[in-house]
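# A closer look at the structure
Take a look at the letters that make up each chain.
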Amino acid sequence: MMSQETNIKTKKSILKTVREALTPLQYILLLVCGTALLLTVFLLGIFGYWLFAEVPQTEKPTTANHQHEHGGDKAQIWSCSMHPQIQKNGPGKCPICAMDLIPVKARQCERQQG
């Protein structure tokens, strides 16, 4: 308990000594420069993060760039990822949640049906 009080008094005495050693104008100038330095470091950190952070770019897939493994002449089945009971013969929207349907592999489709 005694050491904490001594530590606080030491810090206060250092600040008091600095304040007494400087003229009021010098002290205000020191505070302004210190604040400006901290603000500059903070803003540079935010700007650096904004400039160099790698934000994943989500690319919405189109049917033109899809490459699927088709099993011969079997028709492609499209299903909702949230509602696998919804199955259609082509792309579209789920009637329950309105999510895009995704293609289902032929093996998964055979397991569900058989």
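Attention here is on the structure that accompanies the text. Computed from a prediction, not measured in an experiment: that's the story for all the values here.

About the thresholds
- Residues numbered from 1 in each chain as written.
- Predicted model: local features only at pLDDT ≥ 70, side-chain atom pairs only at ≥ 80, totals over all residues.
- Heavy atoms only, no water.
- Helix = DSSP H or I, 4+ residues; strand = E, 2+ residues; numbered from the N terminus.
- Pairing = 2+ DSSP bridges.
- Core = buried A, V, L, I, M, F, W, Y, C linked by side-chain atoms within 4.5 Å.
- Buried < 20%, exposed > 50% of the residue type's maximum accessible area, 1.4 Å probe, protein only.
- Contact = heavy atoms within 4.5 Å.

### Digging into unusual backbone geometry
In most cases, non-glycine residues show a negative phi, while peptide bonds are predominantly trans. Of note in the backbone geometry, alanine 98 takes a positive phi value of approximately 65° without being a glycine. Looking at the element boundaries, alanine 98 is found in the loop between β2 (87-88) and β3 (102-104).

### Some remarks on the sheet that holds strand β1 (residues 77-79)
One open sheet accounts for three strands, arranged β2-β1-β3; its pairing is antiparallel. Each having just a single partner strand, β2 and β3 make up the two edges of the open sheet. With three bridges connecting them, β1 and β3 associate as antiparallel partners. Residue pairing for β3: isoleucine 77 is matched across the bridge by valine 104.

### Describing the nonpolar core
If you look at the biggest cluster of nonpolar residues, it comprises five residues: Trp78, Cys80, Ile86, Cys94 and Leu101. Discounting residues that sit within four places of it in the chain, cysteine 94 has contacts with Cys80, His83, Ile86, Met99 and Leu101.

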